[in-house]
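Listed here are the chains, written in short residue letters.
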Amino acid sequence: MHTDQQGRLLSPPVPTPGVTSPSNPTLAAGEKPNLPNSKGFEGMAISPDGRTLYPLLEGATQEDKDAGRRGDLRFFEVSIGRGSGRHTGMQWRYRMESPENAIGDMTAVDDHQFLVIERDSKQGAQARFKRIYLIDIAGVKKNGYVSKKLVADLMDIADPKGVGGRAGASFTFPFFTIEDVEIIDSSTIAVMNDNNFPATGGRSVTVPDQNEYIELKLPTPLKVATRLLGSFVPYGPQRKGAPAARLSVIGDVPYGAEQVATFPAWIHEINAAKTDLSVHVGDVKSGSTRCDDGYFSVVKTQFDRLRTPLVYSPGDNEWTDCHRPNNGGYDPLERLAKIRTVFFATPDTTNGRPTKISSQAAYGFPENVSWRRDKVSFAALHIVGSNDGLEPWTGKTAPTPQQAAEQKARMANNISLMRQSFATARNAGDRAVVLFTQADMFDPTYAPKPGTDRAFVPFIQALVEEAKHYRGAVYLIDGDSHVYNVDRPLAEGSRWLGFYGITGKADNLTRITVDGSSNNTNWLQVSINRAGEPLSWVQVPYRAR
């Protein structure tokens, strides 16, 4: 079932073919269920691209038991879209090592491999079987058995530092309900138990169990899909290599009257997090609401409540799309001038807490800014959706000369500032270059028509060239498509290289898209790390609704 955070059903439930429990409200009179209560979906993974769910049953169906397959668990493939889901018809079998075992969790490693917790139903001194397997569905036919490879035996964990009390002895995780496995990086996983409110018996028959969290180093690295890296960031005491600085990133917000009313509370929550800098990657209104002066003033007032400096990169909704009748039928270039008057009245100064920053104001682009922090070079570039502002205005069939001239000059400045940022990073020995844009030039949620979105080509080609000659990591953070996503859109084999006709590739570029519009349930905390990967990030849920 697809619900919001208040539990409201957003789309019809997706029935599981061939499986019913006694609690199923659709059971017909006289129909017998074939799966006991509490043996339903104990594990469910989502694909790295966010388009497919893989739910795994905890128990065998009656038909499988009758056929002598008491240790078989079925799991399914469910395609999900914006507001609906459907079974694809594919399903596989996971065979447990014992019919008495159960599974605790399943999480994706890439688009065909998953980690699965398999455990017995014992705890403490009686516990014997608590394991994590790597399974693979690649090449497995419908109803076929997935392959299994042992990744970790939780009853025999090497403990050279004596975490369990005695260095060199095995550490054990002897809990009944081990119910979470997460990927931290390709060589590290986190495992957690559920203490059941609390019960006893895992560590002591007299002392209530804790909810324990452990991290395991794997002897063989996993081949983790790039977009999954950074999706789980462990909390707890800061350790060596703790973040040097933190950024709060938002975009496509506020959308509509309800979000406008809630936006002040969200600003308060970001202030409470005490990050070092905030970034808004554009679209301060939906594409179907008016572009009036009064609205811009309302947003500016909230921006200036931020206690951090705020870098704001305008989006297409607040100026390029304002020609639409339901936006007020404005001249988009006049609205762009208004945006610059309201939000960039003081050159080389941020929104939020006024702070000096290097901008392109001298060239007529005060919104394009760059800065450095903790061996990372940053730049915010005014690249917008709607083909970077070249979509024909209402009543036109092609861009006007003024429209084309504006886009050409702005894109030239974007490319120039981007190249400057790479040059600065190379000269300073920076570990990463981070670019912010509003436009999602690699939107995975739709298939663009060949020959469209050509305005982005010069920037993408220049970006590939600069990334090729840079040894550090490159990050592109955008909004526009409204759905959180992490991928490598310019890596070898990407469909976008062919779509845009790009020469070369950028294997070192990671793209992150923030949630927006109706998905505005969180903000993105981006941390600069002193060691390891230059950036890590985590979605922070809003409390206010």
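From a predicted model like this one, the values you see are computed outputs, not experimental measurements.

S.K.: Describe the overall build of the chain, with residues and values.
M.R.: Helices and strands together make up the secondary structure of the chain, namely 8 helices and 24 strands. Computed over C-alpha atoms, the radius of gyration of the chain comes to 26 Å, within 12% of the 24 Å expected from 2.2 N^0.38 for 545 residues, which places it in the range of a compact globule. Taken along its principal axes, the extent of the C-alpha atoms in the chain is 75 × 60 × 45 Å. Long-range contacts, defined as pairs at least 24 residues apart, comprise 64% of the intrachain contacts of the chain with a sequence gap of at least 6. Side chains of the chain carry 62 positive and 61 negative charges; the gap between the two charge centres is 3 Å.

S.K.: Summarise the pattern of salt bridges; cite the residues concerned and give the values.
M.R.: Enumeration over the complete set of coordinates arrives at 30 salt bridges. Residue Arg-70 pairs with Glu-100 through a salt bridge whose shortest N-O separation is 3.0 Å. Of the two residues, Arg-70 is situated in the loop between helix 1 (62-66) and strand 3 (72-80) and Glu-100 in the loop between strand 4 (85-95) and strand 5 (102-108); the sequence distance between them amounts to 30 residues. Arg-419 is the salt-bridge partner of Glu-465, the closest N and O atoms lying 3.1 Å from each other. Of this pair, Glu-465 sits in helix 7 (residues 457-468) while Arg-419 sits in helix 6 (residues 401-428), and the two are 46 residues apart along the sequence. Among the residues examined, Arg-419 registers a relative accessible area of 31% and is labelled partly exposed. One network of salt bridges, in which partners are shared, links Asp-64, Asp-72, Arg-74, Arg-93 and Arg-95.

S.K.: Kindly report on the packing of helix 2 (residues 256-273) against helix 3 (residues 293-303), identifying the contributing residues and their values.
M.R.: Two elements in contact, helix 2 and helix 3, have axes separated by 10 Å at closest approach and are oriented at 15 degrees. Compared by their axis directions, helix 2 and helix 3 come out roughly parallel. For the crossing formed where helix 2 meets helix 3, the hand is right-handed. Note on element contacts: helix 3 touches helix 2 through Tyr-295, Val-298, Gln-302 and Phe-303, opposite Val-260, Phe-263, Pro-264 and Ile-267. Partitioning the contact of helix 2 with helix 3 into residue classes produces 7 nonpolar, 1 polar and no charged.

S.K.: Talk me through the sheet that holds strand 22 (residues 509-513); I want residue IDs and the actual numbers.
M.R.: Reading across from one edge, 16-17-18-19-20-22-21 is the order of the 7 strands in this open sheet, with mixed pairing throughout. Pairing within the sheet leaves two strands with one partner each, and these edge strands are strand 16 (358-360) and strand 21 (485-487). Going across the sheet, the axis of each strand differs from the next one's by a mean of 15 degrees, ignoring polarity. Of the strand pairs in this sheet, strand 21 and strand 22 are connected by 3 bridges, and their pairing is antiparallel. Residue Asn-485 lies in a different strand from strand 22, and its bridge partner there is Thr-513. Relative to the sheet, helix 6 contacts strand 16, strand 17 (365-373), strand 18 (376-380), strand 19 (432-436) and strand 20 (473-478), its axis offset from that of strand 17 by approximately 10 degrees.

S.K.: Any details on helix 3? Residues and values, ideally.
M.R.: Where helix 3 is concerned, the buried positions are Tyr-295, Phe-296, Val-299, Lys-300, Gln-302 and Phe-303. Within helix 3, the buried residues cover an arc of 160 degrees as seen down the axis, which keeps them to one side. The secondary structure elements touched by the buried residues of helix 3 are helix 2, strand 13 (277-280), strand 14 (309-312), helix 4 (332-343) and strand 15 (351-352).

S.K.: So what's going on with the side chain of Thr-320? Residues and values would help.
M.R.: Topologically, Thr-320 is positioned in the loop between strand 14 and helix 4. A polar atom in the side chain of Thr-320 sits 3.2 Å from the side chain of Asp-321. Not counting chain neighbours up to four residues away, the residues in contact with Thr-320 comprise Pro-332, Val-384, Ser-386, Gly-389 and Trp-393.

S.K.: Lay out the side chain of Asn-414 in plain terms, naming residues and giving numbers.
M.R.: Mapping Asn-414 onto the fold places it in helix 6. Apart from the residues lying within four places of it in its own chain, the contact partners of Asn-414 are Asn-368, Leu-381, His-382, Ile-383 and Phe-459.

S.K.: For the sheet that holds strand 3, give the residues involved together with the corresponding values.
M.R.: If you trace the 4 strands from one edge of the open sheet to the other, you get 1-2-3-4, paired in antiparallel fashion. The sheet is open, and its two edges are formed by strand 1 (41-46) and strand 4, each paired on a single side. On average, adjacent strands in this sheet sit at an angle of 20 degrees to one another, irrespective of strand direction. Of the strand pairs in this sheet, strand 1 and strand 2 (residues 52-57) are connected by 5 bridges, and their pairing is antiparallel. When the bridges of strand 2 are listed, Ile-46 appears paired with Leu-53.

S.K.: I'd like to hear about the confidence of the model for the chain, residue by residue, with values.
M.R.: Averaged over the chain, the pLDDT score is 92; the fraction of residues at 70 or greater is 96%. For the stretch residues 235-239, pLDDT sits under 50, and the model shows 4 contacts to residues farther than four places along the chain or on other chains.

S.K.: Can you break down the nonpolar core residue by residue, with the values?
M.R.: With 43 residues, the main nonpolar core has Tyr-94, Leu-115, Ile-132 and Val-191 as its most contacted residues. Setting aside its immediate chain neighbours within four residues, Ile-132 contacts Leu-115, Val-116, Ile-117, Lys-149, Leu-150, Val-151, Ala-152, Leu-154, Val-181, Ile-189 and Val-191. Counting 33 residues, the second largest nonpolar core, distinct from the first, contains Trp-496, Tyr-500, Ala-506 and Leu-509.

S.K.: Tell me about the packing of helix 6 against helix 7, residues and numbers included.
M.R.: Each packed pair of helices is defined by two parameters, the angle between the axes and the distance between the axes. Two numbers describe how helix 6 lies on helix 7: the axes approach to 10 Å, and their chain directions differ by 10 degrees. In terms of axis orientation, helix 6 runs roughly parallel to helix 7. Residue-level inspection shows Met-411, Asn-414, Ile-415, Met-418, Arg-419, Phe-422 and Arg-426 of helix 6 in contact with helix 7, the latter providing Pro-458, Phe-459, Ala-462, Leu-463, Glu-465, Glu-466 and Ala-467. Of the residues assigned to the contact of helix 6 with helix 7, the class counts are 9 nonpolar, 1 polar and 4 charged.

S.K.: An account of helix 2 is needed here, citing residue identities and associated values.
M.R.: If you check helix 2, its first and last C-alpha atoms are 25 Å apart, about what 18 residues at 1.5 Å a residue would give, namely 26 Å. Roughly 40 degrees is the biggest bend found in helix 2, and it falls at Phe-263, with proline Pro-264 one to four residues downstream. Turning to helix 2, its buried residues are Gln-259, Thr-262, Phe-263, Trp-266, Ile-267, Glu-269, Ile-270 and Asn-271. At the C-terminal side of helix 2, Lys-274 shows a positive phi close to 55 degrees.

S.K.: Could you give an account of empty space enclosed by the protein, with specific residues and numbers?
M.R.: This structure, assessed with the given rule, holds 3 cavities of 30 Å³ or more. Looking at the largest cavity, its volume works out to about 90 Å³. Along its surface, the largest cavity is lined by 15 residues, and Phe-344, Thr-349, Thr-350, Pro-366 and Val-369 are the ones closest to its centre. Contributions of two or more residues to the lining of the largest cavity are made by strand 14 and strand 17. Its residues assigned to classes, the lining of the largest cavity shows 8 nonpolar, 5 polar and 2 charged.

What counts and how
- Residues numbered from 1 in each chain as written.
- Predicted model: local features only at pLDDT ≥ 70, side-chain atom pairs only at ≥ 80, totals over all residues.
- Heavy atoms only, no water.
- Helix = DSSP H or I, 4+ residues; strand = E, 2+ residues; numbered from the N terminus.
- Rg over C-alpha atoms; globule rule 2.2 N^0.38 Å.
- Contact = heavy atoms within 4.5 Å.
- Lys, Arg positive; Asp, Glu negative; His and termini not counted.
- Charge placed at Lys NZ, Arg CZ, Asp CG, Glu CD.
- Salt bridge = Lys/Arg side-chain N within 4 Å of Asp/Glu carboxyl O.
- Buried < 20%, exposed > 50% of the residue type's maximum accessible area, 1.4 Å probe, protein only.
- Axes fitted to C-alpha atoms, helices over the stretch in contact; angles between N-to-C directions.
- Parallel < 35°, antiparallel > 145°, perpendicular 65-115°, else oblique.
- Left-handed = near helix turned anticlockwise from the far one by under 90°.
- Nonpolar A, V, L, I, M, F, W, Y, C, P; charged D, E, K, R; others polar.
- Pairing = 2+ DSSP bridges.
- Arc of directions from axis to C-beta.
- Polar contact = N/O pair within 3.5 Å; in protein donor to acceptor, adjacent residues only side chain to side chain.
- pLDDT = per-residue confidence, 0-100.
- Core = buried A, V, L, I, M, F, W, Y, C linked by side-chain atoms within 4.5 Å.
- Expected span 1.5 Å × (residues − 1).
- Bend = angle between axes of the 7 residues up to and from the residue.
- 1 Å grid on protein atoms, 1.4 Å probe; cavity = no way out; pocket = protein on both sides within 12 Å on 5 of 7 lines; lining within 4 Å.
- Points joined across faces, edges and corners; volume = space filled by probe spheres on them.

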